Structures are given as structure tokens and as C-alpha cells.
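Residues per chain are reported as follows:
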Amino acid sequence: MTAPQNAPRRVHVLGGNRIPFGKIGGAYRGVSNRDMMTAALDGLIARYSLQNERIGEVAGGAVLKRAADFNLTRESVLGTALDPHTPAIDMQKACATGLETLNFVTAKIRLGQIDSGIAGGVDSASDAPIEVSDSLRRKLHTLSRAKTAGQRLSLVGSLRPSDFAPLAPRNSEPRTGLSMGEHQAITTREWGITREEQDELAAASHRNLAAAYEEGFFDTLMTGYRGCGRDEFLRPDTTVEKLAGLKTVFGKEQATMTAGNSTGLSDGASAVLVGTEEWAAARGLTPLAEVVDFRAAATDYVHGDEGLLMAPVEAMPRLLADNGLTIDDIDFFEIHEAFAGTVLSTLKAWESREYMVDRLGFDDVLGTVPREKLNVKGSSLAAGHPFAATGGRIVASLATMLRTAADDTGRTQRGVISVCAASGQGVVCLLQAEPVGQEDK
Ligand SMILES: CC(=O)SCCNC(=O)CCNC(=O)[C@H](O)C(C)(C)COP(=O)(O)OP(=O)(O)OC[C@H]1O[C@@H](n2cnc3c(N)ncnc32)[C@H](O)[C@@H]1OP(=O)(O)O
């Protein structure tokens, strides 16, 4: 069946590629965002023979970006074998950047503005920009506009040692002064999440990611880079017992969060290829999964007691209801593991009548996410979390899982992605795969 003219077009994930995620100060120490993004794109181009291809738009971005990288994505594209006429855009929505870039290119394809797109993101904790003091910046701006040698000399003479104190990067919320981890510690305590529950989730993440590597799951999703062939945070020998021995890092009262059940500061990049079925067919590509829909939400973590990282709690039921689905229709749940406590608080909130009905105003609870459907190939606790690159990692993995499961079972498979983000934001997404040959039945 062909879509009526001017009807929104269907958009499919056709493939993805990422470089293994690195630890801060690890394999990608000294490597720029641009080089990592170019590497992720290079791998995608090589795998899907996109050399000289004029892609409709490449949307990318980084949360931590140097001022000189104002056109980071376009600069990365120019470093690849794509047709240099390929346009690109930088976007930023904290940890949800990689999902919003997908939303952006999907919307353009759906409206008929373009036929193909690449969505992705990159971040480097190792190369995070370090700012200078306000006083030094003002003096340097004035210096750059000085017209005479006298003016220049007088400005240089006004410089004081205190002007040179650098401002160290810190991921604290401007409105509360608390870091993501400190915010999550409050939410974790409020939802009564135990240390054991968090450590069990973290151990499962490492177990699942290690098994995914073992079975070759990443063979079509990853290209090694700078001598790194596997996510540096992955520790296949992680056990609940080992995690129980780690000291707590966030929160003072009843602290339960550790380096083992929190994501580590990471470096990495990812890219996802999307397009219409016709564009894919013309290049001999088989769609992995359809990009069905997105929703975004935000919490009032400033004035109220809503958790900073709890926005997906509200976004997910809206996404499902608007698409005529319930939690029972979902085969795979990908919930970004900002912290183990984030996932566990989210799962508890979806089961809580008090939260879903009394507070958020839904008719009913969302329900229980079966653990065997949750983050089955591991997630950010084991893989690492280079902020803007995480969305692309999840989308490509989920689309691959959906394709395999649809073909294995002969049934439609659906998966949802939930990504929380700084400043109380959250984005969720629905992907769906039909068994090959049954898309239009
Ligand atoms: C929307 C969002 O996504 S919000 C999330 C945004 N992300 C963040 O805020 C990042 C949060 N994370 C951090 O700030 C840091 O990673 C921290 C504070 C949690 C930990 O930092 P560090 O202490 O430098 O971590 P480090 O890697 O050294 O680990 C500490 C110890 O735990 C151990 N450890 C960590 N993971 C494991 C594991 N899986 N198994 C066993 N031991 C482990 C390390 O070996 C290390 O042990 P050592 O001290 O004996 O060497």
C-alpha cells in the first residue's frame, strides 16, 4: 500500500555505528569531539557504502562543546567521505541530545523535506572545555578591540594572577547548585531504593553487555577506534558482592550511590542512519525498525519536590496512550541508566497510583516493566555515558534487537526508549519492527 500524497511518510532506522565508549582520561584522552564524531560517521559510511552520498541532513551535537566547535557536526561531516553538499546541524538537549537529533531528522523525512538523515552525538569528559574567569574574559575582549599600543599595554598591565584561576567543569544544576548525582541521591532516598537493588541492576547491566559482546551483537554496530575495541567501563566480572564493597559518593544521609551504580564520566560518539523505505531500497538496505513517535516532558525540580531525572515518568504513558498501546504491548524497554537509582525510581513511579493518578493526573498506573525486557543488551552503567552519544547507542541497539526478534518470532515487535536529562527534562521514543515482507499487510 502506498501512502496518500502529502500524508506523513514512514521513517526507518537503517543502521547505526558507534565507537566504543571510553573512560575519562582513557583511550580517547586528547581526542577532540570532532575526531570522535568523524570516526563514528566513518564507520557508518563504510558499513552502509555511503561514500559520496548526499544525505538529507546530519543532526548531531555535544553537551560539552568548545566555542570553536560552533559547527561541530558540519565540520565532522566535512572530514568524512559523504558528499560535501550534505547539510548538518548542531543540537543540544543535555543527555537527550542523541534522541532529539533522531526526532529532528525523522520529522524532516516524514514531512517530505528530505529522504534520508543521520542522527547522532558526541561528548568528551576528557576534553571538557575549561572556562576562564569573568574578569579575564572581559579584559581579553577589550584587549582584542584595543587600537593603540598604549591601550594594549595598559590592559596587559591590569591583568592580575587571580584573573587566571580556571573554572573547573562541573555538572551541577545552575538553579540548585546540586550535581546530577546529588539530585538523584534525593530521589533514590525518597523512593526507598536500597543499595542492594541498585547494585543488582548495575551487575545486570555489566552481565548483559558482556553477553552482547560475546554473541557478536556489536559486530554490526561498532567500529574500534584508537586501539579501543570495547567499552572501557565494562567489567564482565562485576558482581553484587564486589559492588557492595564500594564506598558511597553522592548524598549524605543514608547514602547508597557508588561509582559502581552511577554512570562514569565518559568519551564517545554515535551515529544512526534513517530514511524512507524507498531511499533504503534504492541502496539495497533493509530497514531495521520504524521510528514511530516521540514525547518530551519536564519536571519542576526547582519549586517542587519532583525528581530532576523523573521527566520520562510522565512522557512514557503519554507516548503509549497516544499510540493506542499499553505497557503489555512493549517487547523491549531501554531505560537510560543515568544512575541505577534513576531506573529503579522510574519503574516504581510507573507502578505507583499515588504518583501516576493523584499527582500526574493519569487515569491509571502505567504498570510493571518485566525485568527480562529491560536493557537486555546492557546500558549506560556498563557501556558508559558520553552524554550526547547515548541516544544513538540506544536507538541502534534497540532497532537491531527489534529486527532480530521480529524475524525470529514472525510477529511485530515494539520497543521504547526513555532518556532523562539535566534541567529536569526527558524524552521517550517508540520503535517498531515488522517481520520482513509483512510491513504493508
Ligand atoms: C541524565 C544523566 O544521564 S545524569 C548522569 C550524568 N553523569 C554524571 O553525573 C556522572 C556521574 N559520575 C561521576 O561523577 C563519577 O563517575 C563518580 C563520582 C560516580 C565516580 O568517580 P570516581 O571515583 O573517579 O570513579 P572510579 O572509576 O575511580 O571508581 C571508583 C572505584 O570504584 C571501582 N568500581 C567502579 N565500578 C566498578 C565495578 N563495576 N565493579 C567493581 N568496582 C568498580 C573502581 O575500580 C574504583 O576503585 P578504586 O578506588 O579501588 O580504584
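Residues numbered from 1 in each chain as written. Predicted model: local features only at pLDDT ≥ 70, side-chain atom pairs only at ≥ 80, totals over all residues. Heavy atoms only, no water.

**Regarding the overall build of the protein chain**
Tallying secondary structure elements over the protein chain gives 14 helices and twelve strands in all. In terms of C-alpha radius of gyration, the protein chain reaches 22 Å, essentially the compact-globule figure of 22 Å for 441 residues. Projected onto the principal axes, the alpha-carbon positions of the protein chain cover approximately 80 × 55 × 45 Å. Within the protein chain, the proportion of its 441 residues that are buried is 54%. Relative to all contacts within the protein chain whose residues are 6 or more apart in sequence, the contacts with residues 24 or more apart total 79%. Of the roughly 19,300 Å² of accessible surface on the protein chain, 50% is carried by carbon and sulfur atoms. The centroid of the 46 positive side-chain charges in the protein chain is displaced by 8 Å from the centroid of its 56 negative side-chain charges. (Helix = DSSP H or I, 4+ residues; strand = E, 2+ residues; numbered from the N terminus. Rg over C-alpha atoms; globule rule 2.2 N^0.38 Å. Buried < 20%, exposed > 50% of the residue type's maximum accessible area, 1.4 Å probe, protein only. Contact = heavy atoms within 4.5 Å. Areas by Shrake-Rupley, 256 points an atom, 1.4 Å probe, with all protein chains shown as cover. Lys, Arg positive; Asp, Glu negative; His and termini not counted. Charge placed at Lys NZ, Arg CZ, Asp CG, Glu CD.)

**Some points on the pattern of salt bridges**
This model, assessed by the stated rule, comprises 20 salt bridges. Two residues, Glu75 and Arg34, come together in a salt bridge whose shortest N-O distance is 3.9 Å. Placement of Glu75 in helix H2 (residues 72-78) and of Arg34 in helix H1 (residues 33-47) is noted, with a sequence separation of 41 residues between them. For Glu75, a relative accessible area of 38% puts it in the partly exposed group. Judged by its relative accessible area of 37%, Arg34 falls in the partly exposed class. Residue Asp199 pairs with Arg195 through a salt bridge whose shortest N-O separation is 3.0 Å. (Salt bridge = Lys/Arg side-chain N within 4 Å of Asp/Glu carboxyl O.)

**Focus on unusual backbone geometry**
Unusually for a residue other than glycine, Asn375 sits at a positive phi of about 45 degrees. Within the element layout of this structure, Asn375 appears in the loop between helix H12 (353-359) and helix H13 (380-383). Given a relative accessible area of 3%, Asn375 falls into the buried group. Located in the positive-phi region is Ser423, a residue other than glycine, with phi close to 65 degrees. Residue placement: Ser423 occurs in the loop between strand E11 (413-421) and strand E12 (425-433).

**Topic: the packing of helix H6 (residues 180-190) against helix H11 (residues 340-351)**
One way to put it is that H6 packs onto H11 with a least axis distance of 9 Å and a crossing angle of 40 degrees. By the criterion of interaxial angle, the relationship of H6 to H11 is oblique. As for how H6 packs across H11, the hand of that crossing is left-handed. Along its contact with H6, which presents Gln184, Thr187 and Thr188, the element H11 presents Gly341, Thr342 and Ser345. Grouping the constituent residues of the contact of H6 with H11 by class yields no nonpolar, six polar and no charged. (Axes fitted to C-alpha atoms, helices over the stretch in contact; angles between N-to-C directions. Parallel < 35°, antiparallel > 145°, perpendicular 65-115°, else oblique. Left-handed = near helix turned anticlockwise from the far one by under 90°. Nonpolar A, V, L, I, M, F, W, Y, C, P; charged D, E, K, R; others polar.)

**Remarks on the UniProt feature "active site" (unreviewed entry) in the protein chain**
What UniProt calls "active site" (unreviewed entry) maps, in this numbering, to Cys95, His385 and Cys420. Sequence-wise these annotated residues cover 326 residues; spatially they are packed, their C-alpha atoms never more than 12.2 Å apart. Since its relative accessible area comes to 12%, Cys95 is described here as buried. Not counting the four nearest positions on each side in its chain, Cys95 is found in contact with Val63, His385, Phe387, Val419, Cys420 and Ala421. With respect to the element layout, Cys420 can be found in strand E11. With sequence-adjacent residues up to four places away left out, Cys420 is seen in contact with Cys95, Leu309, Pro312, His336, Ala338, Thr342, Gln425 and Gly426. (UniProt positions renumbered as here; feature names shortened; annotations may be inferred.)

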